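# Coordinates in review
Listed below, chain by chain, are the residues.
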Amino acid sequence: MWRQGPQSWDNLPESKVLGDETLQHVRAAIDALPAKQREVILLRDVAGFDAGEVSSLLGISAANERVRLHRARATVRRNLEDYLK
Amino acid sequence: MNCRQVVELMTDYLEGALSPAERARFEEHIAGCDGCRAYLQQLRTTRRVLGRLADEPVPAEVERDLLEAFRSWRSSR
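About the thresholds
Residues numbered from 1 in each chain as written. Chains lettered and ligands numbered in written order. Predicted model: local features only at pLDDT ≥ 70, side-chain atom pairs only at ≥ 80, totals over all residues. Helix = DSSP H or I, 4+ residues; strand = E, 2+ residues; numbered from the N terminus. Rg over C-alpha atoms; globule rule 2.2 N^0.38 Å. Buried ≥ 20, exposed ≤ 12 C-beta atoms within 10 Å, placed from the backbone. Contact = placed C-beta atoms within 7 Å. Axes fitted to C-alpha atoms, helices over the stretch in contact; angles between N-to-C directions. Left-handed = near helix turned anticlockwise from the far one by under 90°. Nonpolar A, V, L, I, M, F, W, Y, C, P; charged D, E, K, R; others polar. Core = buried A, V, L, I, M, F, W, Y, C linked by C-beta atoms within 7 Å. Expected span 1.5 Å × (residues − 1). Arc of directions from axis to C-beta.

## Focus: the overall build of chain B
Secondary structure assignment for chain B yields 5 helices and 0 strands. In sequence order, the secondary structure elements of chain B are arranged as α-α-α-α-α. Computed over the C-alpha atoms, the radius of gyration of chain B is 17 Å, more than 25% above the 11 Å expected from 2.2 N^0.38 for a compact globule of 77 residues. By its C-alpha atoms, chain B is 45 × 30 × 15 Å across when sized along the principal axes.

## Digging into the overall build of chain A
A count of helices and strands for chain A gives 5 helices and 0 strands. Dimensions along the principal axes, computed over C-alpha positions, put chain A at roughly 40 × 35 × 20 Å. Taken over 85 residues, chain A has a buried fraction of 32%. Expressed as a percentage of contacts within chain A between residues at least 6 apart in sequence, the contacts between residues at least 24 apart total 58%.

## Focus on the packing of helix 2 (residues 20-31) of chain A against helix 5 (residues 62-84) of chain A
All names here are of chain A. The interhelical angle for the contact between helix 2 and helix 5, taken along N-to-C directions, is 140°, at an axis separation of 9 Å. Considering the relative orientation of helix 2 and helix 5, their crossing is right-handed. On helix 5, the residues that touch T22, H25, V26, A29 and I30 of helix 2 are T75, V76, N79, L80 and Y83. Residues of the contact of helix 2 with helix 5, tallied by class, amount to 6 nonpolar, 4 polar and no charged.

## Digging into the interface of chain A and chain B
In many reports, interface size means the accessible area that the parts give up when they come together. Of the residues lining the interface, 36 residues belong to chain A; the matching set on chain B comes to 32 residues. For the side of chain A that touches chain B, the secondary-structure elements that each account for two or more residues are helix 2, helix 3 (35-46), helix 4 (51-58) and helix 5 of chain A. By residue number, the principal contributor to the side of chain A that touches chain B is helix 5 of chain A, which donates 8 residues. Its residues assigned to classes, the side of chain A that touches chain B shows 19 nonpolar, 7 polar and 10 charged.

## Some thoughts on the nonpolar core
Residues V26(A), I30(A), V40(A), I41(A), A72(A), V76(A) and L50(B) are the most contacted members of the largest nonpolar core, which totals 16 residues. Sorting elements by how many residues they give to this core places helix 3 of chain A first, with 5 residues. What A72(A) contacts, discounting residues up to four positions off in sequence, is L33(A), Q37(A), R38(A), V40(A) and I41(A). Ranked by size, the runner-up nonpolar core spans 6 residues in total, among them V6(B), F26(B), Y39(B) and L43(B).

## Description of the environment of L12(A)
Residues and elements named next belong to chain A. Here L12 shows up in the segment before helix 1 (14-17). When the C-alpha atoms of L12 and D31 are compared, they prove to be 25 Å apart, with 19 residues separating the residues in sequence. Leaving out residues up to four positions away in the same chain, L12 has contacts with V17 and L84.

## Focus: helix 2 of chain A
In an α-helix, one full turn covers 3.6 residues, which means residues spaced three or four apart are oriented alike. The end-to-end C-alpha distance of helix 2 of chain A is 16 Å, a good match for the 16 Å that 12 residues give at a rise of 1.5 Å each. Of the residues making up helix 2 of chain A, those classed as buried are V26(A), A29(A) and I30(A). Considered in projection along helix 2 of chain A, the buried side chains sweep an arc of 100° and stay on one side of the axis. Along helix 2 of chain A, exposed side chains directed more than 90 degrees from the buried face belong to D20(A), E21(A), A28(A) and D31(A). Buried positions along helix 2 of chain A lie against helix 3 and helix 5 of chain A together with helix 4 (34-52) of chain B.

In structure tokens form, the structure reads like this:
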């Protein structure tokens, strides 16, 4: 499947990966997400609620919560990939 | 399990939502696939970066979404 496999980020300096500019890019990527995905990724990955707390807070099933989370994380990952390469 | 299927299951894997059998097949694939292993590692790093955003001020639009979600949650109790 991988025509060109993802590059490892493990050799990048932490100051780059977690730097202010990177955080700004990620925040812009989150802002651009559909609202339903944005809520889930903010609650789960930014605010750090448990998956079960997020699904009950939003009134959605655990499976639906993971679908939204998956799409949101995939988009943010792609955005980071473009930025970090 | 092919790469496409593995990528689709990555969140379920990271969230601990796979059955033991699926998890074993997932890990078997990952062990032999550099591309999927790199992708999984990128997702872990993505989560780490996202966790750092908690220290930052929340954008107004996002705050509004969250408040709205919270209100609809409360009104459904």
